[in-house]
Amino acid sequence: MENAKLQLNGKTYDLPAFAGSENEVALDISKLRAQSGAITYDPGYGNTGSCKSAITFIDGDLGILRYRGYPIEQLAEHSTFSETAYLLIYGELPNKETLRRFREDLAHSSFIHEKMVRLLDHFPLNAHPMGVLASLVAAMATFYPNHGDEDQMDTHVRRLLGGVKTIAAYSYKQSIGAPFVYPKRDLGYCANLLWLLFGTPAEDYVVSPILDRAMNTLLILHADHEQNCSTSTVRMAGSSQADIYSSVSAGIGALSGPLHGRANQEVIEMLEMIQADGGNYKKYVDLAKKKDSNFRLMGFGHRVYKNFDPRAKIIKKTADEVLTALGVRDPLLEVAKGLEEVALHDDFFIERKLYPNVDFYSGIIYRAMGFPVNMFTALFAIGRMPGWIAHWMEMRKDPDGRIHRPRQIYTGPTERAYPNGKTPRA
Ligand code: COA
């Protein structure tokens, strides 16, 4: 491929061009500042490739998403969350025996240190599960040291995957004052999650196969999404050689924002508001278009997808199936469909290519399954864990890897003298 040429102040600079395995073209500007003094400006990194990665491929124009080459539609239909997690982290689908051992390991590592369980007592009862999750995942670094040892890495990976669901479930149980139950070694990953969330020591809770399958589908859909805000945060933190627990904890913090993971909670709150206001979809679509309104259609739009988010298509179908199978009639599903219909035919949304994203229908399924809204983002975090881990591990082995340290264009005051003697120090 030919190098690109950049002209600046009468000089020409060569920018090496290269392509990925799906022919996406990139210009290497890493030497540009040293050669010309100029940096590139790209707020929000919408046009910046921060790394080469072999984990996930997205074509936002065509609505394609693949993990390690496998289309998301096929994984959602045929795989389980444990198998997909293994695929993302280790690069290949496991054989039957490897998968059996991996599942066993995950069940085993769902037991968290008793002292960590006691830490939960010190959070307020109404603590948001995302805050609890970020804190306890960071605390795992102190309970499970030796994170620099390469031969311990598989153990840390399993502890994170197994532990995160127990911490999330216990934070929920704590918030409603319900007793904790221990994980069960004979249950698969999602069945164990449901047991930890809804099981009680007093009565037998049998995990519904419908809920188990729906949970698997939802977590698979959330498992990775290349360089999104939280994953970039994990890579950014990890680039300083911070340990995997601290890096993932930073990612959980990033995911908790309403423009990222918390959008699923915000969608339900928005749908409830629209329903309470008489279900006038058009009024809210119009409001979302007003520049000064500060209101956005939550669950709509995406930085990369300029077409239907392929995950949203699967989730919409799953929502219909789960609600029918559970015999739930949720009026919010009708509000969501009505809103989508109006928005998809509105010029503002058409011109900006704003389609429903993964968060638009996921909350409706979570509601039908019995989750309170403040647990939605924690479920997203459990799903995203394999992606964060896979990226953190890939980043460490990256031959081009360096500490992440973007540049800036300074726009503050130029040098000025401190008003010596005139302003007393506080
Ligand atoms: N509702 C109304 N307008 C929206 C919108 C939404 N949900 N999302 C984007 N837009 C509009 C913006 O106002 C902007 O319009 P303009 O060109 O007239 O200024 C244009 O579309 C581009 O939006 P921008 O914020 O620059 O896109 P982005 O790539 O920076 O942001 C999101 C992407 C996802 C943060 C954004 O679409 C959003 O806030 N969506 C709602 C939150 C959400 O669902 N997040 C979950 C993502 S999986």
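A. Representation of the overall build of the chain in the model. Helix and strand content of the chain: 18 helices and 7 strands. Burial analysis of the chain (426 residues in total) assigns 45% to the buried set. Approximately 22,000 Å² of the chain is accessible, and the part contributed by carbon and sulfur atoms is 51%. Across the chain, the 48 positively charged side chains and the 49 negatively charged ones have centroids separated by 5 Å.

B. Quick peek at the state of the cysteines. A full pass over the atoms with the stated rule returns 0 disulfides. For Cys51, which is in no disulfide, the shortest distance to another cysteine sulfur is to Cys229 and amounts to 14 Å. Overall, the relative accessible area of 25% leaves Cys51 in the partly exposed class.

C. Representation of the side chain of Thr217 within the structure. Take Thr217: it is sitting in helix α9 (residues 209-222). Since its relative accessible area comes to 8%, Thr217 is described here as buried. Setting aside anything within four residues of it in sequence, one finds Thr217 in contact with Ala76, Ile314 and Thr318.

D. View of the site of the ligand. In the neighbourhood of the ligand, 18 residues make up the surrounding shell, with Lys291, Arg296, Leu297, Gly299 and Arg303 lying closest. The backbone of Leu259 places a nitrogen or oxygen atom 3.0 Å from a nitrogen atom of the ligand. Within the backbone of Gly299, one N or O atom sits 2.8 Å away from an oxygen atom of the ligand. Relative to its free-state accessible area of 870 Å², the ligand is covered by the protein chains to the extent of 74%. Of the residues in the shell around the ligand, the class split is 8 nonpolar, 5 polar and 5 charged.

E. Just the sheet that holds strand β7 (residues 70-71), in detail. Read across the sheet, 3 strands follow the order β5-β6-β7 without closing on themselves; strand pairing throughout is antiparallel. Bordering the open sheet on either side are β5 (56-59) and β7, each of which pairs with just one other strand. Of the pairings in the sheet, the one linking strand β6 (residues 64-67) to β7 comprises 2 bridges and is antiparallel in character. Following the sheet pairing, Tyr67 is matched in β7 by Tyr70.

F. Inspection of the nonpolar core at higher detail. Judged by nonpolar contacts, the single largest core of 114 residues is most densely connected at Met215 and Leu297. For this core, the element with the highest residue contribution is helix α18 (residues 376-397), accounting for 13 residues. Sequence-distant contacts of Met215, defined by excluding residues within four places in its chain, comprise Cys190, Leu193, Leu194, Tyr366, Met369, Phe371 and Leu379.

G. Main features of the packing of aromatic side chains. Considering all chains together, one arrives at 17 aromatic pairs under this definition. Ring centres of Tyr366 and Phe376 lie 5.3 Å apart, and the angle between their planes is 45 degrees; this geometry places the pair in the tilted category. Here Phe376 lies in helix α18 and Tyr366 lies in helix α17 (residues 359-369), a separation of 10 residues in the sequence. Here Tyr366 and Phe376 have matching classes, each one buried. A network of ring pairs unites the aromatic residues Tyr172, Phe198, Tyr205, Tyr366, Phe371 and Phe376 as a single cluster. Stacked on the ring of Tyr189, the Lys or Arg Lys165 has its end atom at 4.0 Å from the ring centre. Over the ring of Trp195 we find Lys184; its NZ or CZ atom is 4.1 Å from the centre of that ring.

H. Quick peek at the pairing of strand β2 (residues 11-15). Here 5 bridges tie strand β1 (residues 4-8) to β2, and the two strands are oriented antiparallel to one another. Note on β2: the bridge partner recorded for Gln7 is Thr12. Between β1 and the antiparallel strand that follows it, β2, lie 2 residues; Asn9 among them carries a positive phi value of about 50 degrees.

I. Quick look at helix α4 (residues 96-108). Across its 13 residues, α4 extends 18 Å between first and last C-alpha, which sits within 8% of the 18 Å expected from 1.5 Å per residue. Restricting attention to buried positions, one finds in α4 the residues Thr98, Leu99, Phe102, Leu106 and Ala107. For α4, the elements touching its buried residues are α3 (81-90), α7 (153-176) and α8 (189-198). Where α4 begins, the side chain of Asn95 points an oxygen toward the backbone nitrogen of Glu97, at a separation of 3.2 Å.

J. The pairing of β5, seen in detail. Sheet analysis places β5 next to β6, joined by 4 bridges and oriented antiparallel. Residue Ile58 lies in a different strand from β6, and its bridge partner there is Leu65. Counting the residues between successive antiparallel strands, the hairpin from β5 to β6 contains 4 residues, one of them, Gly63, with a positive phi of roughly 70 degrees.

K. View of unusual backbone geometry. In the Ramachandran plot, Glu226 falls in the positive-phi region, its phi being about 35 degrees despite a non-glycine side chain. Structurally, the position occupied by Glu226 is in the loop between α9 and α10 (229-238). With a phi close to 55 degrees, Lys353 is a non-glycine residue in the positive phi region. Mapped onto the elements of the fold, Lys353 is located in the loop between α16 (347-351) and α17.

What counts, and at which threshold
Residues numbered from 1 in each chain as written. Predicted model: local features only at pLDDT ≥ 70, side-chain atom pairs only at ≥ 80, totals over all residues. Heavy atoms only, no water. Helix = DSSP H or I, 4+ residues; strand = E, 2+ residues; numbered from the N terminus. Buried < 20%, exposed > 50% of the residue type's maximum accessible area, 1.4 Å probe, protein only. Areas by Shrake-Rupley, 256 points an atom, 1.4 Å probe, with all protein chains shown as cover. Lys, Arg positive; Asp, Glu negative; His and termini not counted. Charge placed at Lys NZ, Arg CZ, Asp CG, Glu CD. Disulfide = S-S within 2.5 Å. Contact = heavy atoms within 4.5 Å. Near = heavy atom within 4 Å. Polar contact = N/O pair within 3.5 Å; in protein donor to acceptor, adjacent residues only side chain to side chain. Nonpolar A, V, L, I, M, F, W, Y, C, P; charged D, E, K, R; others polar. Pairing = 2+ DSSP bridges. Core = buried A, V, L, I, M, F, W, Y, C linked by side-chain atoms within 4.5 Å. Phe/Tyr/Trp six-rings, centres within 6.5 Å; stacked < 30°, edge-to-face > 60°. Lys NZ or Arg CZ within 6 Å of the ring centre and 35° of its normal. Expected span 1.5 Å × (residues − 1).

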